[in-house]
Protein chains: 2
Amino acid sequence: MEGDPTLQLRVFDLNCWAIRYLSKRRQERVRLIGDMLRQEGFDLVLLQEVWSERDYSDLKAKLGGCYPFSHYFRSGVIGSGLCVFSRFPILDTLLYQYSLNGYPYMLQHGDWFCGKSVGLVVIKISGIVFNVYVTHLHAEYCREKDAYLPHRLVQAWELAQFIRHTSKAADVVLLGGDLNMHPEDVGIRLLRGWTGLRDAFAEATRFEGCEDGCTLIPNNCFTVKTELLPFPLGIRIDYILYKAVSSFTVKCKELKTTTGTAPGMDIPFSDHEAVMATLHIQRQGQAADSNLGTAEPMLADVVTEARTEVGVGLRAAQRQRYSTGRMAVLALLLLLLQAAAALGTLAGLAAGQPFPKLSFSLLAFFAIGILLLATGLHLFHTIEVKMLQGTEEQLRMALRALQEHP
Amino acid sequence: MEGDPTLQLRVFDLNCWAIRYLSKRRQERVRLIGDMLRQEGFDLVLLQEVWSERDYSDLKAKLGGCYPFSHYFRSGVIGSGLCVFSRFPILDTLLYQYSLNGYPYMLQHGDWFCGKSVGLVVIKISGIVFNVYVTHLHAEYCREKDAYLPHRLVQAWELAQFIRHTSKAADVVLLGGDLNMHPEDVGIRLLRGWTGLRDAFAEATRFEGCEDGCTLIPNNCFTVKTELLPFPLGIRIDYILYKAVSSFTVKCKELKTTTGTAPGMDIPFSDHEAVMATLHIQRQGQAADSNLGTAEPMLADVVTEARTEVGVGLRAAQRQRYSTGRMAVLALLLLLLQAAAALGTLAGLAAGQPFPKLSFSLLAFFAIGILLLATGLHLFHTIEVKMLQGTEEQLRMALRALQEHP
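Residues numbered from 1 in each chain as written. Chains lettered and ligands numbered in written order. Predicted model: local features only at pLDDT ≥ 70, side-chain atom pairs only at ≥ 80, totals over all residues. Heavy atoms only, no water.

Chemist: Can you break down the overall build of chain A residue by residue, with the values?
Modeler: A tally of helices and strands in chain A yields eight helices and 13 strands. In terms of its C-alpha atoms, chain A occupies a principal-axis envelope of roughly 100 × 55 × 40 Å. A total of 406 residues make up chain A; the buried ones form 55% of that total. The long-range share in chain A, meaning contacts at least 24 apart out of those at least 6 apart in sequence, stands at 75%. Carbon and sulfur atoms form 57% of the exposed surface of chain A, whose accessible area is close to 17,400 Å². When the 40 basic and 41 acidic side-chain charges of chain A are each reduced to a single mean position, those positions are 5 Å apart. (Helix = DSSP H or I, 4+ residues; strand = E, 2+ residues; numbered from the N terminus. Buried < 20%, exposed > 50% of the residue type's maximum accessible area, 1.4 Å probe, protein only. Contact = heavy atoms within 4.5 Å. Areas by Shrake-Rupley, 256 points an atom, 1.4 Å probe, with all protein chains shown as cover. Lys, Arg positive; Asp, Glu negative; His and termini not counted. Charge placed at Lys NZ, Arg CZ, Asp CG, Glu CD.)

Chemist: An account of the interface of chain A and chain B is needed here, citing residue identities and associated values.
Modeler: Taken together, the 40 residues of chain A in the interface contact 40 residues of chain B. For the chain A and chain B pair, buried surface summed over both sides reaches about 3,700 Å², with 64% attributable to carbon and sulfur atoms. When residues of chain A are sorted by the area they lose upon contact with chain B, A:Arg74, A:His165 and A:Lys386 head the list and together hold 18% of the total. Applying the counting rule to chain A against chain B returns five salt bridges. A salt bridge links B:Arg74 to A:Glu393, with the nearest nitrogen and oxygen atoms 2.7 Å apart. Counting the contacts that link chain A with chain B gives 14 residue pairs in polar contact (both at pLDDT 80 or more). (Buried area = accessible area lost by both parts, 1.4 Å probe. Salt bridge = Lys/Arg side-chain N within 4 Å of Asp/Glu carboxyl O. Polar contact = N/O pair within 3.5 Å; in protein donor to acceptor, adjacent residues only side chain to side chain.)

Chemist: Could you give an account of the UniProt feature "transmembrane region" (unreviewed entry) in chain A, naming the residues involved and the relevant values?
Modeler: According to UniProt, the feature "transmembrane region" (unreviewed entry) maps to residues 328-352 and 358-380 of chain A in the numbering used here. Within residues 358-380 of chain A, the helical portion is 100% and the strand portion 0%, while the C-alpha atoms at the span's ends are 33 Å from each other. (UniProt positions renumbered as here; feature names shortened; annotations may be inferred.)

Chemist: Talk me through the sheet that holds strand S2 (residues 44-50) of chain A; I want residue IDs and the actual numbers.
Modeler: Residues and elements named next belong to chain A. Taken together, the seven strands give an open sheet; going across it, the order is S3-S4-S2-S1-S13-S12-S10, and neighbouring strands pair in mixed fashion. A single partner strand is all that each edge strand has here, and the edge strands are strand S3 (69-72) and strand S10 (206-208). Across the sheet, the axes of successive neighbouring strands diverge by a mean angle of 20°, strand direction being ignored. Examined bridge by bridge, strand S1 (residues 7-18) and strand S13 (residues 275-283) share seven bridges and lie antiparallel to one another. Across the sheet, residue Asp-13 finds its bridge partner in S13, namely Val-275. (Pairing = 2+ DSSP bridges. Axes fitted to C-alpha atoms, helices over the stretch in contact; angles between N-to-C directions.)

Chemist: Account for helix H2 (residues 53-63) of chain A, naming residues and giving values.
Modeler: Residues that lie three or four places apart on an α-helix share one face, since the helix turns once every 3.6 residues. Residue and element names in this part refer to chain A. Those residues of H2 lying buried are Asp-55, Tyr-56, Leu-59 and Leu-63. Viewed end-on, H2 has its buried residues packed into an arc of 100°, placing them on one side of the element. Residues of H2 that are exposed and point more than 90 degrees away from the buried face comprise Arg-54 and Ala-61. In this structure, the buried side of H2 is in contact with S1, helix H1 (26-40), S2, S3 and strand S4 (83-86). Where H2 begins, the capping side chain belongs to Ser-52, and its oxygen is found 3.1 Å from the backbone nitrogen of Arg-54. (Arc of directions from axis to C-beta.)

Chemist: Provide a residue-level description of the sheet that holds strand S5 (residues 90-97) of chain B, including the pertinent values.
Modeler: Adjacent strands of a sheet form backbone hydrogen bonds with each other and so pair up, either parallel or antiparallel. Residues and elements named next belong to chain B. Taken in spatial order, the six strands make up an open sheet running S5-S6-S7-S8-S11-S9, and their pairing is mixed. The open sheet terminates on both sides in strands that have one partner only, identified here as S5 and strand S9 (198-199). Two strands pair when backbone bridges link them, and S9 and strand S11 (residues 238-244) are joined in this way by two bridges, in the antiparallel orientation. Pairing of Arg-198 across the sheet is with Tyr-242, part of S11. Against the sheet, helix H4 (residues 186-195) touches strand S8 (172-178), S9 and S11, its axis set at about 15° to S11.

Chemist: Account for unusual backbone geometry, naming residues and giving values.
Modeler: Residue and element names in this part refer to chain A. Despite not being glycine, Ser-126 has its phi angle at roughly 50°, a positive value. Within the element layout of this structure, Ser-126 appears in the loop between strand S6 (117-125) and strand S7 (128-136). A positive phi is found at Asp-212, a non-glycine position, where the angle reads about 60°. Tracing the chain through its elements places Asp-212 in the loop between S10 and strand S11 (238-244).

Chemist: Explain the pairing of S4(A) to me, using residue names and the numbers behind them.
Modeler: Residue and element names in this part refer to chain A. Covered by surrounding structure in S4 are Cys-83 and Phe-85 together with Val-84 and Ser-86, the residues of both alternating faces. The pairing of S3 with S4 spans four bridges and is antiparallel. Within S4, the residue paired with His-71 across the bridge is Val-84.

Chemist: Break down the environment of A:His136 for me, citing the residues and quoting the values.
Modeler: Residues and elements named next belong to chain A. Structurally, the position occupied by His-136 is in strand S7. The buried category is assigned to His-136, whose relative accessible area is 3%. In the structure, His-136 is positioned 17 residues away from Gly-119 in sequence and 9.6 Å away in space, judged by C-alpha atoms. Among all residues touching His-136, those that are not within four sequence positions of it are Asn-15, Gln-48, Glu-49, Trp-51, Leu-82, Tyr-98, Lys-116, Ser-117, Asp-178 and Asn-180. Within the structure, the side chain of His-136 is placed 3.2 Å from the side chain of Asp-178, a separation counted as a polar contact.

Chemist: Run through the pattern of salt bridges, naming residues and quoting values.
Modeler: Residues and elements named next belong to chain A. For the coordinates displayed, the defined rule picks out 39 salt bridges over all chains. A salt bridge links Glu-305 to Arg-189; the shortest N-O distance between them is 3.0 Å. Of this pair, Glu-305 sits in helix H7 (residues 299-346) while Arg-189 sits in helix H5 (residues 186-195); the two residues are 116 residues apart in sequence, bridging distant segments of the chain. Among the residues examined, Glu-305 registers a relative accessible area of 33% and is labelled partly exposed. Members of the salt-bridge network, linked through shared partners, are Glu-140, Arg-143, Glu-184 and Asp-185.

Chemist: Please provide a residue-by-residue account of the relation of the copies chain A and chain B, values included.
Modeler: Aligned on chain B, chain A shows an RMSD of 0.0 Å; the corresponding rotation is 180° and the shift along the axis is 0.0 Å. The relationship between the two copies is best expressed as a two-fold rotation axis. Among all C-alpha atoms of chain A, that of A:Thr166 lies closest to the rotation axis, at 2.2 Å. Most of the interface of chain A is mirrored in chain B, where 100% of its interface residues are also at the interface. (Least-squares fit on C-alpha atoms with pLDDT ≥ 70 in both.)

Here is the structure:
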């Protein structure tokens, strides 16, 4: 089979920052993105944060000619924001929604409402089966005190497990998305190590774009400059990762990023920079990098580190479960006390009207409100505890497997 | 390879009905189940409705000798209730939580709180890779007017897709569980057709147990007799399904069910009957039944039927989304009206005190309560609509694929 022609695949990935009513100059930018995609003619386009189905439909209508196949992944209240455009037929799709994704009461962070997920589309090009994954993990709002780290780690682990379990018949695996993790973060090391995926930026023969491949840069007029203060060059959180799982090799010949303002325009496409990879896929005589852990020799250490962080999150969730449970019990006690007092008054035990009616009713309503709220939160944190426990146990199992067969 | 020795695998499946505080004689029954499993020495045990982790730990402690490997799948508020005991090492696990699973406000049905899921464990026996799935789908509370049919269909579809995508490297696929569907229901036809799984009851060379293989029978002292009135023999909703995906064949040599009261005891193990299959697995010269749709020649019709039902559910969800949204808007208007009236009073526009303070406050609290409740429900039904739309689209895609390559 040696000497087979090389298949060239051009992949585009972008977090489009297309939040209705909130993202600046959204419609204009979605139009620009569509124009550029039509002009450039990539083979595969992986988009995140296309929250509005209307935006997706507009893109689909515009791109129908050069990308006849597309899929929008629906999930959560707002949607997953994930979609794929392809020059080649999409044979099958699957969506996996992460079990943890922030907190519904953190309205200002909104991640919970998005139903963050990983979408899979299966594509066959020249007889080669591609499993293409697109995802968007929970945002990092404060790097120093990142309350969402355990949730993002659960997501990274679920993503890795989902890819491993679903890609066994694929020839080539591609993952594109906004992982909200810096290249050296434990989550991405876990993902790379556990799946064997390689980072297109690190592997690229040629690179052109922002220094260090950053995808959130101070030069972009839409980024929040204060958030990037500790990182003068910006940060790299958007990735294209790949591997060959059977007798194929994949090489990244070229990687590019956009660099702020789009050429010939006065605004960038998004607050993120796009990542564009040119991959060369070739049939080989024997299997290449299909072994677990080739990309991460110290995988056991990474799994241990991830497990520790998940453990920290687990203890925090257990504390929150306890305190919300206690609050619900206290509210219930207050209500029972009020009921007893009211019954006492009705039965004529107390002389006259011991409490002003208005304050009494307000207090009762307050107690009912607290009871409902605390019960809801208690249920939510119970789910959180369960999922963190489940992940911790799976990481323990993974560690044991690694230690038994290093 | 012809002439390889046959591998015999004895599989046990039971919905244990082990709901803390609710299920009758739970602890006694869990003990009985443990005793019987230890005595019988199956190869694989797939259990559902083990809601309490304590019950799982007790079983694990008791069964450690004969089933050294086990896994409990955590999910939802209460848990998934799913667990697996195995004589052979469990190499890997994955949990997929169904995107729809009833309604949180249907407290009397409780399914929503269970986080219904499908659990996968990967096992290797004599070099043969087994993907073993255990699941429990949404209950059917009223067959004549089954409000949960669209949700159960979404679950059946997600189950089929999850199995298809994760089992591509498996030699043998096994699925056990309480599917809450009769053998001729559209959901199970879809599941069988789309995955190629075969029904152990239909394929068994020998059968011993309840007539028609029923697993919910009037003879069982824990079943609700009125629910089984239209079915004098009972109903069959618990299954063991299987297929060989590569060059193997699987044959069901024997299928058994329990028949109400356990032998030598005064109570049954559960309100469901257990299903026990003896499977013979043999290596073959060439691949067997790996083609899609071999088990269901009229698959396109089944997909169409499923799509119609999902469409019915979609329209109902859209109506509920609309009416809850309208209720939220009305509550908000009432609140605004009250705020205007209160401001007017404060500004001295109205002479004196136009409303009694107590009724005014109660009305405001009532409006706030309705607003919060209606908003929550609106968000929930928005998710429901999205997931039903997503499934309908996937079914449409599946139908197109079937029509293009029948």
